[in-house]
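A look at the structure
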Amino acid sequence: MLLVSGRFRSCGWTCEFDMSCKVKALKLLASHLVVLGGAWFLSNSMKEDRGVGEESSLSTRVPGGGTDGILLARLLEPEVVEPSKYELLKPQLTLAENHQEAVVALLKLLPKQYLRAGMVGRDFREWQRLPPPTGDRIAEFEVRVRHWLSDDREACLKFLREGNEEIYLRGDHPVFASAFTDYALDEGEVDWVLKIPGGNERLYQGCLAELGTAKFLEKYGGDFQVGKEELAKIYRTFPFEDRDLVLKTIIDGKGGGSHKGEALSSFLSNKDHVAQEVTAWIRGLQDSGGIPAEFKTVSDQVFTNWLMTNPETPLGEKMELLQSIGATQMTVSGIVAQSLETLLNEGRDFRYEFRHGRVDAREVFEEMTAKLSPDSVEAEDALKSNLFYQLVGEDSIGAMDLLATLPKFRQEEVLIRAIGEGFKLDDPVLAKAYYDSFPESVNEAEEMNKTRNWDSYVFSGLSRYGDDFVDWVVAMPEGEFKERSVQSIVKWSQRVDSPIKDRVEKELVRK
Amino acid sequence: MTRMRLLFILSHVVAAIVGWLLAGGDGKISTAVVRMEDRGVTPSERRSGESGRELVGQARRVTESDQFKMVWDSLPDQRLSTTDRIKAQRKILEEWALVDLEAAMKAMLAESWWAGPAPKFANAQLEGPFATAFAKAFLLDPETSWNLITSGELGVGAAMLRNAWYQTMQSKPLILAGKLAEIPSSEVADVINKLDAADLSDPGVRDGVVEILKNVPMSKLSTRVVMRFLPELTLAEATANFRATKDFSTREGEITLYQYGQAQFFDEKLEWVRSYDEGKLAEMKEVADLLPHDTQGKFLYGLLAGGFQYETAAGKSERTAALLNLLVEREHWGELEKSMDLTVIVQGYGLSPEMRVEWAVNLPEREEVSEVFEDSIRPYLRENYNQAWDWIQEFPEGRWREHALGQYANEALEGHRNLGEARKAIDQIQDPKVREEAEEKYALYENAGR
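Please read these numbers as outputs of a predicted model, since none were measured by experiment.

About the criteria used
Residues numbered from 1 in each chain as written. Chains lettered and ligands numbered in written order. Predicted model: local features only at pLDDT ≥ 70, side-chain atom pairs only at ≥ 80, totals over all residues. Heavy atoms only, no water. Helix = DSSP H or I, 4+ residues; strand = E, 2+ residues; numbered from the N terminus. Buried < 20%, exposed > 50% of the residue type's maximum accessible area, 1.4 Å probe, protein only. Contact = heavy atoms within 4.5 Å. Areas by Shrake-Rupley, 256 points an atom, 1.4 Å probe, with all protein chains shown as cover. Core = buried A, V, L, I, M, F, W, Y, C linked by side-chain atoms within 4.5 Å. Polar contact = N/O pair within 3.5 Å; in protein donor to acceptor, adjacent residues only side chain to side chain. Arc of directions from axis to C-beta. Salt bridge = Lys/Arg side-chain N within 4 Å of Asp/Glu carboxyl O. Patch = residues over 30% accessible without salt bridge, like charges linked within 9 Å, V, L, I, M, F, W, Y side chains within 5 Å. Lys, Arg positive; Asp, Glu negative; His and termini not counted. Charge placed at Lys NZ, Arg CZ, Asp CG, Glu CD. Axes fitted to C-alpha atoms, helices over the stretch in contact; angles between N-to-C directions. Parallel < 35°, antiparallel > 145°, perpendicular 65-115°, else oblique. Nonpolar A, V, L, I, M, F, W, Y, C, P; charged D, E, K, R; others polar. pLDDT = per-residue confidence, 0-100. Expected span 1.5 Å × (residues − 1). Phe/Tyr/Trp six-rings, centres within 6.5 Å; stacked < 30°, edge-to-face > 60°. Lys NZ or Arg CZ within 6 Å of the ring centre and 35° of its normal.

**Details of the overall build of chain A**
- Each helix and strand counted, chain A has 26 helices and six strands in total.
- The burial tally for chain A puts 45% of its 511 residues in the buried class.
- Contacts in chain A between residues far apart in sequence, at least 24 positions, make up 61% of those at least 6 positions apart.
- Per element, the accessible surface of chain A, about 26000 Å² overall, is 54% carbon and sulfur.

Here you go:
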């Protein structure tokens, strides 16, 4: 270090190494250190001030030196919904002198899937070759239509639907959901717009907010004809206390059964409803025979789906109710599998936490048991095996705990079936490691079972990873496993038309 | 100000800068490399004087990358729902990739590849839950990211990243097309579709893409596909090119041939098709006979595929029938077999079931056209099931009788769930392959009925 060198030299400034010089030097060093430390502190504190909003500041820190909490907080923030291009452009665009001309100029540039072309020959092919439109063009078109609607809505609609011989809009064109809805809500013309196919959820929501449930249902809720698909979705917003009115409106409504079914299913999917109350309602409807015969097939299907996937109805009650509806083909295992999947998909991500060792298989099982209430040995075993399929791809060794208490013959069946069930599209390296952990088959049935399940894994792997999957198999060391995998690929290539066929033929079969 | 005083101030300023840098600064210096890449400056274009900064940048990137890794690793503690977890991971990967693409990719590949309960992003089946989160990083440096993906070090999961890369590069068609020669054949069709939907309105870009496509080996990319990107010629232009071409086996030769065939149909308002007559058939034969056998097959096949929709639009089927007959007459069995892939076959070549069956039973009894035969008699069998048995009994011994019996058994099972009728037909089949197929189907229905 400079200090102990006997002479202190800095920037051509020297002094003899005496006491006063020593003190000076120490003061000088201290002042430099203070400046250095100050700058360090300032820099860090500025970063903390910058905090959450600023994108480029990634080096935020958290007291205690643990994980980067601010960065994490920012990344977990809900996404801000940006205004659409239409909304941005609407106040900016001045009125065109001639609405029709302005719209025609944009019409051909729209996404082709929403246009119907009456043109033939060269015009049609040239139109097909036009580049895809940008979002700005689409927004411009929508604003032009919006302007025209205010000015002369009948002329605008007539032109868009039929006024141009060569090209016109399909009823589901998004402009009906943007400009038309906007017009209806801005100018209180809901009645007029609702007559046009292609209304969207926002339109119905606006209408509902204006009228309230009962009036809305009375006026619009009973029309399930083609072109009113979005209407069915609005049923999600009705409160449970209006259930009888809702059901009556659906039953009495005009139009097709599938849209009616969708409306009922949408009504049941409201997360504010209490599962126990919904279950009791369904039971009451079954017992009282309150549903007319012509709607019963539709409602039975909707109730069955709801019961199958809703994880909050206790299993025993669910099973009994399903049987009373006539869904007798449902097995305990099938019902458990469906409810479990819904629970894991919609609730806390136990699969992920399990993969990373935050919970173990027993804990997940206990959580699921508390939620699903299996009330028989059969249901409990079904929960164990289905949970095993859900977890095995995340951590196959950790998942084994679940199988320990299953009967021996079930254990083997579940272990092998998990190749096809549990790994789905996951890393083939993991799937193979799992497969390798099996002891040799003791009989032909077990061997066939393994083959069938490995086939099922290979088929899904090939459809996602294509040639890379084939490469992976080609690179395997020669042996029984490779042969089995080649056989699976050959089977797949016989069923699916893919250029991979040639490779299979050249590299795997004729080798 | 004395010199000493100036030095005193300067040395403190230096200390301040060192302190600032030690703390990681305000991010401006350290992220300089990243910002330059934002502007499209690739590392090789950077001036040598900036190498010091680059080093600071690299050192800093490691720190930032570590921070993303810490966040990534701490995510399981957040107890998120599946959907929120995948969303959060996508956001982390999106930003992490801008700092350290390789580390972000490896982190992604070590995670579950299941796409989640209801993925909102396109094509999650192929790309998995995360690969499209790298779009910004791919656009920032397409080549480096491509090299990383194709380095062979990422294992099977690289396929998901490759698919996401194609999707991103749809906005840079020249770069996307440039990879066609090296990608697996099974992905060519997907890339072509992406190019087809890309913005090629800039003539420079379109010409560039076409040039690249022409140079992809013909075994990998058929000329028929390249045609989708070429301008149409008038009949006069196409004819002039056709007459001037000697070798039709090259890419350019095939293009000339196809353009010539195309121009025949794309005459204004379909006049040519409407005015179809024997004279035109003679002309078509004359042109075909100018060509070597291989090329002739391609030419006729091209006419069959290209003309069909225009012909049916004009309410005609004679031309298709004439083309099919010409394919038979000139023995283009491969092309006839390939016609099974065309929409032509789905719509029965525009022929009525009776016309079609009449044509089919007169086909030479060859293996290559067995499928065409079966497909052609199926609609007839369906419509005339009750008389079909007697009709088949009149078939002379031979391949077509065997296939007709097989199809009869098929119809008995599929259309009428009649095991007895199916068995009666199967018992008469002698061809082992046809019989095996029929037996398999029979077993399926027999088991289903138990």
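Here the narrative resumes, following the displayed structure.
**A look at the overall build of chain B**
- Along chain B, the regular secondary structure elements total 27 helices and zero strands.
- The buried share of chain B, taken over its 450 residues, is 49%.
- In chain B, of all internal contacts separated by at least 6 residues, the share reaching a separation of at least 24 is 64%.
- Accessible area of chain B: about 21300 Å², with a carbon and sulfur share of 52%.

**Topic: unusual backbone geometry**
All names here are of chain B.
- With a phi close to 50°, Arg79 is a non-glycine residue in the positive phi region.
- Tracing the chain through its elements places Arg79 in the loop between helix 3 (51-74) and helix 4 (82-99).
- Phi at Arg417 is positive, roughly 50°, even though this residue is not glycine.
- Residue class for Arg417 comes out exposed when judged on its relative accessible area of 59%.

**Observations concerning the nonpolar core**
- In terms of nonpolar packing, the biggest core is built from 186 residues, with Val145, Phe180, Tyr235 and Phe388 of chain A together with Phe134, Leu161 and Leu180 of chain B touching the most fellow members.
- Beyond its immediate chain neighbours, meaning those up to four positions away, Leu180 of chain B contacts Val188, Val191, Ile192, Leu195, Leu213, Val216, Lys220 and Leu221 of chain B.

**Concerning the environment of Asp287 of chain A**
- Position of Asp287 of chain A relative to the elements: it lies in helix 14 (residues 275-288).
- Placed 38 residues apart in sequence, Asp287 of chain A and Ile325 of chain A show a C-alpha to C-alpha distance of 9.8 Å.

**Here we look at the side chain of Arg146 of chain A**
All names here are of chain A.
- Tracing the sequence through the fold places Arg146 in helix 6 (residues 135-163).
- A polar atom in the side chain of Arg146 sits 3.1 Å from the side chain of Asp186.
- Beyond its immediate sequence surroundings of up to four residues, Arg146 is in contact with Tyr86, Lys90, Ala179, Asp182, Tyr183, Asp186 and Glu187.

**Details of helix 26 (residues 500-509) of chain A**
Residues and elements named next belong to chain A.
- Here helix 26 has its buried residues at Ile500, Arg503, Val504 and Leu508. The arc enclosing the buried residues of helix 26, seen along the axis, measures out at 100°, which places them on a common side.
- Looking at the buried side of helix 26, the elements it contacts are helix 24 (444-474) and helix 25 (480-495).

**Looking at the pattern of salt bridges**
Residues and elements named next belong to chain B.
- Throughout the structure, instances matching the rule amount to 54 salt bridges over all chains.
- Two residues, Glu367 and Arg399, come together in a salt bridge whose shortest N-O distance is 2.9 Å. Of this pair, Glu367 sits in the loop between helix 22 (353-361) and helix 23 (370-383) while Arg399 is found in helix 25 (residues 399-416), placing the two residues 32 residues apart along the sequence.
- For Arg399, a relative accessible area of 24% puts it in the partly exposed group.

**Here's the deal with a negative patch on the surface**
- A cluster of acidic residues, Asp360, Glu363, Glu366, Glu367 and Asp401 of chain A, forms a negative patch on the protein surface.
- The residue Glu366 of chain A is located in helix 19 (residues 361-372) in this model.

**Remarks on the packing of helix 24 of chain A against helix 26 of chain A**
All names here are of chain A.
- One way to put it is that helix 24 packs onto helix 26 with a least axis distance of 11 Å and a crossing angle of 10°. Taken together, the axes of helix 24 and helix 26 lie roughly parallel to each other. Taking contact as the criterion, the partners of Gly466, Asp467, Val470, Asp471 and Val474 in helix 24 are, on helix 26, Ile500, Arg503, Glu507 and Leu508.
- Grouping the constituent residues of the contact of helix 24 with helix 26 by class yields four nonpolar, one polar and four charged.

**What to know about the side chain of Ser485 of chain A**
- Relative to the helices and strands, Ser485 of chain A is located in helix 25.
- For Ser485 of chain A, a relative accessible area of 0% puts it in the buried group.

**Some thoughts on the confidence of the model for chain B**
All names here are of chain B.
- Per-residue pLDDT for chain B averages 79, and the proportion of residues at 70 or more is 74%.
- With pLDDT under 50 throughout, residues 16-49 is counted as low confidence; its partners more than four residues away or in other chains account for 48 contacts.
- Contacts from residues 267-276, a stretch scored under 50 in pLDDT, to residues over four places away or in other chains number 23 contacts.
- Model confidence for the complex is summarised by a pTM of 0.69, with the ipTM given as 0.74.

**Describing helix 13 (residues 257-268) of chain A**
- Taking 1.5 Å of rise per residue, 12 residues should cover 16 Å, and helix 13 of chain A covers 17 Å from first to last C-alpha, within 8% of that figure.
- Within helix 13 of chain A, burial applies to His259, Lys260, Gly261, Ala263, Leu264, Ser266, Phe267 and Leu268 of chain A.

**Quick word on the packing of helix 10 (residues 213-221) of chain A against helix 12 (residues 243-252) of chain A**
Residues and elements named next belong to chain A.
- Relative orientation of the contacting elements helix 10 and helix 12 amounts to 5°, with a least axis distance of 10 Å. Considering the angle they form, helix 10 stands roughly parallel to helix 12. Residues Ala214, Leu217 and Gly221 of helix 10 form the contact with helix 12, whose participating residues are Leu245, Val246 and Thr249.

**So, the environment of Asp426 of chain A**
- Examined against the element boundaries, Asp426 of chain A turns out to sit in the loop between helix 22 (408-423) and helix 23 (428-436).
- Judged by its relative accessible area of 5%, Asp426 of chain A falls in the buried class.
- Between the C-alpha atoms of Asp426 of chain A and Glu394 of chain A, which are 32 residues apart in sequence, the distance is 9.0 Å.
- If we ignore the near neighbours within four places in the chain, the residues touching Asp426 of chain A are Arg355, Gly393, Tyr457 and Tyr465 of chain A together with Ser112 and Trp113 of chain B.

**Notes on the packing of aromatic side chains**
- The full count for this structure, using the stated rule, is 32 aromatic pairs over all chains.
- Aromatic pair Phe134 of chain B and Phe138 of chain B: ring centres 6.0 Å apart, planes at 40°, arrangement tilted. Across the pair, exposure class does not vary: Phe134 of chain B and Phe138 of chain B are buried alike.
- Among the aromatic side chains, those forming a connected cluster through ring pairs are Phe423, Tyr434, Tyr435, Phe438, Trp454, Tyr457, Phe469, Trp472 and Phe481 of chain A.
- Over the ring of Phe481 of chain A we find Lys432 of chain A, and its NZ or CZ is 4.9 Å from the ring centre.
- Looking at Arg423 of chain B, its charged tip hangs above the ring of Tyr442 of chain B, at a distance of 4.4 Å from the centre.

**Here we look at the environment of Ala443 of chain B**
Residue and element names in this part refer to chain B.
- Relative to the helices and strands, Ala443 is located in helix 27 (residues 432-449).
- For Ala443, a relative accessible area of 30% gives the class partly exposed.
- Sequence separation of Ala443 and Leu419 is 24 residues, and the distance between their C-alpha atoms is 9.7 Å.

**Things to note about the confidence of the model for chain A**
All names here are of chain A.
- This prediction gives chain A a mean pLDDT of 79; 78% of its residues lie at or above 70.
- Considering each helix and strand of chain A separately, the mean pLDDT is smallest for strand 1 (residues 8-10), with a value of 33, and largest for helix 18 (residues 350-355), with 96.
- Low pLDDT, under 50, characterises residues 1-19; the stretch is placed with 19 contacts to residues that sit more than four places away or in other chains.
- Here residues 41-67 is modelled with pLDDT under 50, and outside its nearest four sequence neighbours on either side it reaches 46 contacts, counting other chains as well.

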